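One letter stands for each residue in the lines below.
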Amino acid sequence: MASKKHRKKAACRTRVNRMPCAEGSLFLNDTRVKRSQIRCKLVCRRIFELGIIGGKIPFDPNIIVLKESPGSMSKKKNRKIIPYRRPHNLNVGVIIFGIIFLYMLFNIFAYFRRDKVQFYEVVEGGIVNNKQYTGLILRDEQVRNAQNSGYINYYLREGKRASVGTRIYSLDETGRLDSLLKENGVENQALPDENLADLKKQLSSYVLSMSDEKFDSIYDARYSLEASVMEYSSFSALDQLDKISQDSSLVFEQVRSDTAGVVSYGIDSYESLQPSDIEAESFNKANYTKNIHKSGDLIESGTPAYKIASSENWSIVFPLSNDDASLYADKTSLSVDFKDYDLKTTADYSTFTGKDGAVYGKLDMNRYMAQFIMDRFIDFEIEQPQAKGLKIPVSAVTEKNFYMLPKSYAAQGGDSMDIGFNKEIYDANGTSILFVPANIGFEDDEFYYIAVDEEGDFKAGDYIVRPESSDRYQIGRTSSLKGVYNINKGYTVFTQVEILDSNSEYYTIKNNVTYGLSVYDHIVLDASSVGEGQLLYQ
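Parameters and conventions
Residues numbered from 1 in each chain as written. Predicted model: local features only at pLDDT ≥ 70, side-chain atom pairs only at ≥ 80, totals over all residues. Heavy atoms only, no water. Helix = DSSP H or I, 4+ residues; strand = E, 2+ residues; numbered from the N terminus. Buried < 20%, exposed > 50% of the residue type's maximum accessible area, 1.4 Å probe, protein only. Contact = heavy atoms within 4.5 Å. Areas by Shrake-Rupley, 256 points an atom, 1.4 Å probe, with all protein chains shown as cover. Phe/Tyr/Trp six-rings, centres within 6.5 Å; stacked < 30°, edge-to-face > 60°. Lys NZ or Arg CZ within 6 Å of the ring centre and 35° of its normal. Pairing = 2+ DSSP bridges. Axes fitted to C-alpha atoms, helices over the stretch in contact; angles between N-to-C directions. Core = buried A, V, L, I, M, F, W, Y, C linked by side-chain atoms within 4.5 Å. Patch = residues over 30% accessible without salt bridge, like charges linked within 9 Å, V, L, I, M, F, W, Y side chains within 5 Å. Salt bridge = Lys/Arg side-chain N within 4 Å of Asp/Glu carboxyl O. Lys, Arg positive; Asp, Glu negative; His and termini not counted. Charge placed at Lys NZ, Arg CZ, Asp CG, Glu CD.

S.K.: I keep staring at the overall build of the protein and nothing clicks. Help me out?
M.R.: Across its full length, the protein carries nine helices and 30 strands. Within the protein, buried positions represent 36% of all 538 residues. Excluding contacts between residues fewer than 6 apart, the proportion of contacts in the protein whose partners are at least 24 apart in sequence is 73%. With an accessible surface of roughly 33,200 Å², the protein has 50% of that area assigned to carbon and sulfur atoms.

Listed below in structure tokens is the structure:
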């Protein structure tokens, strides 16, 4: 009789075999083994592992993995478990997207690596090509020296016109006159409003025209303002001068003008300079000096006290280069622009030979002399006629060789209206005539210009035949033409230009030319960066 212990084990195995955790039941029905269902300590562990591997039983912490019964283990001991592997499916969409991505990446890389071709849009306009010069002013100037020594007091402003008998200055040998004027309050009197307004206008005008390159002009401006103040204050001094001299028994010399003209107090030793005395050194400002006397200064007898310009005629002489001399060779008058004075006028033009044998230009005028009385050197521009046309950069222009084919040999072939030439063709059958259309780049009254191209239809040595004639012309004569690369079609096409005017940055070219440029055409900004027929846009 079996013991009690053995009977319990047998009963347990029987219950386990009857439970739904058998391999077939658990795998097919996807039944989970719960804690409450287990009455035995032996469960088929192998069954649970098969369920996990096959994906039938999801992981759950409530599921308890128990040992498989010894009988089941022995039966399934040699069974091999092969994991399930999903097949690799080829996704066509991913492949296409990858190809597009690589293509875009390549284009972006190529864009940043290639040289950028900049273009310029042709506009209508002209070039301001005025010539700038620095000239030397010559006037009919007469210097007046002091007859005695003493302290000088001026009573007329620089640049003012004096008539005969106008009081210019006084000389006081003792220096008491200046003290008496101060004691009587003449020099401390306030200026009238109109005089102050004139001083402000002069100062504002100088501030607007001042530049760092002409810093030395500040001394002339200061002198001009002082001269103006002297003139305004001297009006009161003149009214009381005679009375003061009588009351104080003061003896002083009063000097009056003996000639009518414009008065100046700056002496620079150029007053007697003539065109025949001009040389290159005359224009050297570093050696130029100007002496100016002011009221209250002590001057010696025989010292220049002032100068007077008695004629309205004056001249400006200036250096001329060979190109400038050729440019003005047929001119008798020129338009002159004084930028610092906001003044434009016309002057008679001529040339002369200076002391050093060089050729100089000379501008003669009979107005505005008083306005320039304080100047010896003057900056000005000579205005040039402005050509009207199309404006293009200098960097866009290049040159190209063309064959010159007579217009009298041109023909039209077949139903086409294109211009071409009858060209001789040589083959095994002999000589024949073939009409060849021509890509004309330019034309004048006598010739059509065909680009020199090794792969073109026309080459040096070829013969063309005149229509309805036996006359032959051998191609060979060439001409170099200036032009630009037109890119309206997306690739470079050489287009001839006819230059009317130029400066260092731009050309003015002729408009409305057959086979030429038009307004708003696009051209390559730097002609040296491309070649003929180069594709720019795709």
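Still more ground to cover, so stick around.
S.K.: Help me out: how do you make sense of the packing of aromatic side chains in this one?
M.R.: Where two aromatic rings form a pair, the distance of their centres and the angle of their planes describe that pair. Tallying each qualifying case throughout the model produces 22 aromatic pairs. With a centroid separation of 4.9 Å and an interplanar angle of 50°, the aromatic rings of Phe 338 and Phe 372 are classed as tilted. Of this pair, Phe 338 sits in strand 13 (residues 333–338) while Phe 372 sits in the loop between strand 15 (359–365) and strand 16 (377–382), and the two are 34 residues apart along the sequence. Directly above the ring of Tyr 506 sits Lys 391, whose terminal nitrogen or CZ lies 4.5 Å from the centroid. Taking the ring centre of Tyr 409 as reference, the NZ or CZ of Arg 466 above it sits at 4.4 Å.

S.K.: For this particular structure, what's the right way to read the sheet that holds strand 29 (residues 506–509)?
M.R.: In any sheet, the strands associate via hydrogen bonds between backbone groups, in a parallel or an antiparallel arrangement. Ordered by their spatial adjacency, four strands build an open sheet running 2-17-29-28, and the pairing between neighbours is antiparallel. Both outer strands of the open sheet, strand 2 (123–125) and strand 28 (499–502), are each paired with one neighbouring strand and no more. Taken over all neighbouring pairs, the strand axes of this sheet differ in orientation by 40° on average, direction set aside.

S.K.: Before we go on, may I ask you to explain the pairing of strand 12 (residues 304–319) in this structure?
M.R.: Consecutive side chains of a regular strand alternate in pointing toward one face of the sheet and then the other. One ladder, built from nine bridges, connects strand 3 (residues 131–145) with strand 12; its direction is antiparallel. From the neighbouring strand, Asn 145 faces strand 12, where its bridge partner is Pro 304. Where strand 8 (residues 261–264) meets strand 12, three bridges bridge the pair, whose relative direction is antiparallel. From the neighbouring strand, Val 263 faces strand 12, where its bridge partner is Ile 308. Pairing of strand 12 with strand 15 involves six bridges; the strand directions are antiparallel. Bridge assignment links Ser 315 to a residue of strand 15, and that residue is Asp 364.

S.K.: I keep staring at the pairing of strand 22 (residues 440–443) and nothing clicks. Help me out?
M.R.: As judged from the three bridges shared by strand 22 and strand 23 (residues 447–451), these two strands associate in the antiparallel manner. The residue bridging Phe 442 from the neighbouring strand is Tyr 449, located in strand 23. Connecting the antiparallel pair strand 22 and strand 23 is a turn made up of three residues.

S.K.: Can you walk me through the nonpolar core in this structure?
M.R.: Soluble globular proteins tend to bury their nonpolar side chains together. Formed by 24 residues in total, the largest nonpolar core has its most connected members in Trp 314, Ile 316, Phe 318, Phe 338, Leu 363 and Phe 380. Within the residue set of this core, elements represented by two or more residues are strand 3, strand 12, strand 13, strand 14 (343–353), strand 15 and strand 16. When residues in this core are grouped by element, the largest group, four residues, is from strand 12. Among residues more than four places away in sequence, those in contact with Phe 338 are Trp 314, Ile 316, Leu 343, Thr 345, Met 365, Phe 372, Ile 378, Asp 379 and Phe 380. If you look at the next biggest cluster of nonpolar residues, it comprises 15 residues, including Ala 146, Tyr 169, Leu 171 and Ile 299.

S.K.: Is there a simple way to think about the environment of Leu 535 in this case?
M.R.: Relative to the helices and strands, Leu 535 is located in the segment after strand 30 (522–524). Not counting the four nearest positions on each side in its chain, Leu 535 is found in contact with Gly 490 and Tyr 491.

S.K.: Would you take a moment to explain the environment of Ala 460 for this structure?
M.R.: Its location among the elements puts Ala 460 in the loop between strand 23 and strand 24 (463–465). Residue Ala 460 is classed as exposed on the basis of its relative accessible area of 53%. With 17 residues separating them in the primary sequence, Ala 460 and Arg 477 have C-alpha atoms 8.2 Å apart. Residues contacting Ala 460, with those up to four places away along its chain left out, are Tyr 403 and Ile 475.

S.K.: Looking at this model, I keep getting lost on a nonpolar patch on the surface. Mind explaining?
M.R.: A cluster of nonpolar side chains, namely Val 92, Ile 96, Ile 100, Tyr 103 and Met 104, defines an oily patch on the protein surface of about 530 Å² accessible area. According to the relative accessible area criterion, Ile 96 is partly exposed, its value standing at 46%.

S.K.: Honestly, the pattern of salt bridges in this entry has me stumped. Any pointers?
M.R.: In a structure, side chains of opposite charge can pair up when their charged atoms sit close to one another. Taken as a whole and judged by the stated rule, the model has 16 salt bridges. Glu 141 is paired through a salt bridge with Arg 376; the nearest N and O atoms lie 2.9 Å apart. Linking Glu 141 in strand 3 with Arg 376 in the loop between strand 15 and strand 16, this pair joins segments that are 235 residues apart in sequence. The partner of Glu 399 in a salt bridge is Lys 482, and the shortest N-O contact between them spans 3.0 Å.

S.K.: Teacher, can you tell me more about a negative patch on the surface here?
M.R.: A grouping of Asp 453, Glu 454, Glu 455 and Asp 457 is seen on the molecular surface, where their side chains present a negatively charged patch. Among the structural elements, Asp 457 can be located in the loop between strand 23 and strand 24.

S.K.: Can you help me understand the sheet that holds strand 11 (residues 298–299) in this one?
M.R.: With respect to topology, four strands assemble into an open sheet ordered 7-6-4-11, the strand pairing being antiparallel. Pairing within the sheet leaves two strands with one partner each, and these edge strands are strand 7 (253–256) and strand 11. Relative to strand 6 (residues 167–172), strand 4 (residues 150–154) runs antiparallel, the two sharing four bridges. The partner of Asn 153 across the bridge, within strand 6, is Ser 170.

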